[in-house]
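One-letter residues, chain by chain:
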Amino acid sequence: MSKKMISIVVPMYFEELVAEECYRRLTEVARKNDLNYEIIFVNDGSTDRTLEILESIAKVDNHVKVISFSRNFGHQIAITAGMDKAIGDAVVIIDADLQDPPELIPDMIKLWEEGYDVVYAKRKKREGESWFKLATAKAFYRVLDRMSSVKIPVDTGDFRLIDRKVVEALRKMREHNRFVRGMVSWVGFKQTAIEFERKERFAGETKYPLKKMIKFALDGIISFSAKPLKMVQYIGFLSIIVTFCVFIYSIVSKIFGVGNPVSGWTSIMVTITFIGGVQLLSIGVLGEYIARIYDESKGRPLYIIEKEINIDNTKDDREK
Ligand code: UDP
Ligand code: MG
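Keep in mind the model is a prediction, meaning the values are calculated, not measured.

**So, the UniProt feature "domain: Glycosyltransferase 2-like" (unreviewed entry) in the chain**
No. 1: Under the feature "domain: Glycosyltransferase 2-like" (unreviewed entry), the UniProt entry names residues 7–170.
No. 2: When the span residues 7–170 is considered, its composition is 42% helix and 25% strand, and the gap between its end C-alpha atoms is 15 Å.

**Details of the UniProt feature "transmembrane region" (unreviewed entry) in the chain**
No. 1: Sequence positions flagged by UniProt for "transmembrane region" (unreviewed entry) are, in local numbering, residues 231–252 and 264–291.
No. 2: Summarising residues 264–291: 96% helix, 0% strand, and an end-to-end C-alpha distance of 40 Å.

**Side note on the nonpolar core**
One broad rule of soluble globular proteins: the nonpolar side chains tend to lie buried together.
No. 1: Counting 59 residues, the largest nonpolar core has I8, V9, V10 and V92 as the members making the most contacts within it.
No. 2: Aside from chain neighbours lying at most four places away, what touches V9 is I40, V42, I79, G82, M83, A86, V91, V92 and I93.

**Focus: the sheet that holds strand β1 (residues 5–12)**
No. 1: One open sheet holds the 8 strands; their spatial order is β7-β5-β6-β4-β1-β2-β3-β8, and the pairing between them is mixed. In the strand order of this sheet, the two ends are held by β7 (191–198) and β8 (305–309), each with one partner. Taking each pair of neighbouring strands and ignoring which way they run, the sheet shows an average axis angle of 20°.
No. 2: Where strand β5 (residues 118–126) meets β7, 8 bridges bridge the pair, whose relative direction is parallel. Among the inter-strand pairings, R126 is bridged to a residue of β7, identified as R198.
No. 3: On top of the sheet, helix α3 (residues 75–85) reaches β1, β2 (36–43), β3 (64–69), β4 (90–93) and β6 (156–163); it is set at about 155° to β1, its chief contact.

**Focus on the site of ligand 1**
No. 1: In the vicinity of ligand 1 there are 16 residues, among which P11, Y13, A96, T206 and K207 approach most closely.
No. 2: Broken down by secondary-structure element, the contributors of at least two residues to the shell around ligand 1 are β1 and α3.
No. 3: In terms of residue class, the shell around ligand 1 is built from 6 nonpolar, 5 polar and 5 charged.

**Observations concerning the packing of helix α9 (residues 227–256) against helix α10 (residues 265–298)**
No. 1: Where α9 meets α10, the axes come as close as 10 Å, and the angle between the chain directions of the two elements is 160°. Relative to α10, α9 is oriented roughly antiparallel. α10 is crossed by α9, and the crossing has left-handed handedness. Residues P228, L229, V232, I235 and S239 of α9 pack against I275, V278, S282, V285 and Y289 of α10.

**Concerning the packing of helix α6 (residues 164–171) against helix α7 (residues 180–187)**
No. 1: Running from N to C, α6 and α7 point in directions that differ by 110°, and their axes come no closer than 10 Å. As far as their axial angle goes, α7 and α6 are roughly perpendicular. Like other packed secondary-structure pairs, α6 and α7 cross with a definite hand, here right-handed. Contacts between α6 and α7 involve V166, A169 and L170 from the former and M183, V184 and V187 from the latter.
No. 2: Of the residues in the contact of α6 with α7, the class split is 6 nonpolar, no polar and no charged.

**Some words on the pairing of β2**
No. 1: Burial analysis of β2 places 7 of its 8 residues in the buried class, the great majority of the element.
No. 2: Bridge count between β1 and β2: 8 bridges; the pairing is parallel. Across the sheet, V9 pairs through a bridge with I40, a residue of β2.
No. 3: Following the chain from β1 across helix α1 (residues 19–32) to the adjacent parallel β2, one finds a crossover that is right-handed.

Conventions and cut-offs
- Residue numbers restart at each chain and count upward from 1, following the sequence in its written direction.
- Chains carry letters from A onward and ligands carry numbers from 1 onward, assigned in written order.
- For a predicted model such as this one, the threshold for reporting local features is a pLDDT of at least 70, and the threshold for listing and counting side-chain atom pairs is 80 or more; totals across whole chains, interfaces and linings nevertheless cover every residue.
- UniProt positions are given in the numbering used here, feature names are shortened, and annotations may be inferred rather than shown by experiment.
- For helices the rule is a DSSP run of H or I covering at least 4 residues; for strands it is a run of E covering at least 2, with both sets numbered from the N terminus onward.
- By our criterion, buried Ala, Val, Leu, Ile, Met, Phe, Trp, Tyr and Cys residues that link up through C-beta atoms within 7 Å make up a nonpolar core.
- Whether a residue is buried, exposed or partly exposed follows from its count of other C-beta atoms within 10 Å of its own C-beta, namely 20 or more, 12 or fewer, or something in between, respectively; the C-beta atoms are built from the backbone.
- Working definition of a contact: two residues with C-beta atoms, positioned from the backbone, lying within 7 Å.
- Following DSSP output, two strands are said to pair if at least two bridges run between them.
- In this analysis, axes come from line fits to C-alpha atoms, helices being fitted only over the stretch in contact, and the angle between any two N-to-C directions falls in the range 0 to 180 degrees.
- What makes a residue near a molecule or strand is its C-beta atom, placed from the backbone, lying within 6 Å of it.
- Put simply, Ala, Val, Leu, Ile, Met, Phe, Trp, Tyr, Cys and Pro go in the nonpolar bin, Asp, Glu, Lys and Arg in the charged bin, and everything else, Gly too, in the polar bin.
- Throughout, the term roughly parallel applies to angles under 35 degrees, roughly antiparallel to angles over 145, roughly perpendicular to angles from 65 to 115, and oblique to all others.
- Two helices crossing with the near one rotated counterclockwise from the far one by less than a right angle form a left-handed crossing, whereas a clockwise rotation gives a right-handed crossing.
- Handedness of a crossover is defined as follows: orient the strands so they point away from the viewer, and if the path from the first strand over the helix to the second runs clockwise, the crossover is right-handed.

Put into structure tokens, the structure is as follows:
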């Protein structure tokens, strides 16, 4: 029986400063541990020198495979494409910026060989990130944990090893607004954690500005929970109760002349603006769900590949 193969999937978006070092560190770990491996770099529409660097690496090392998108499709789609093209018995997903230490991969493989199907890396500590990022990330994982119908591990990114059968299950899930770590929890199987300290970015800036972070957080919550919709209902009920009290009060004061029925500008303004706000918010929440239904209904492919290097498509019999 030949040695089991590991596919390492690395998404890259404007990572010209880290591409080479990332390749070097991954290869060092693979060689040291005598792995049978492939590295799949996914260029997510970067227009800097990322692709050029990856191409020159792939030319001299056929362990390295490259997928290049026609434009930026996003981190979660990039790792999906990597998993689609991976041929290994297990797939490791890792960030390009070396915040996830490649040296952890052999430990993951050990647990996988012991029979776990998913080994995810849990962040014990995060270094070199702003207090804002730390605080929002922490809050996000807690809110998600409260809202989600499946148990999604807290403080855990996409850095993980997943067995072939989990990859096959994920491949059947072609949803567009993807939250891969939640999807991995959803499919089940035997999962375990391994703890690590998250380092600072090797070079360059984060590719997750606030706007992308918000979209990502919404995808996480909306894809895995209908609670925001239910909360809107509760707020609706609450305002009906309040309205009812105000209704009784108005009638009583009109009939019995308690208070002064004519004044009341303040309460009317407060009520109108409050109800208006609640209604717009509710429509917004509905809109978030409807926009995602609309995205799915178009049935577009998840991504478009402009260029592939060293990718063997003969094993690829699935639709994209
Ligand atoms: N990334 C990507 N497409 C994007 C944004 C990010 O492929 O649109 C990649 C990026 O190159 C990196 C990984 O996703 O390998 C994580 O991004 P980053 O390190 O910037 O996120 P952070 O660690 O700051 O949350
Ligand atoms: Mg990073």
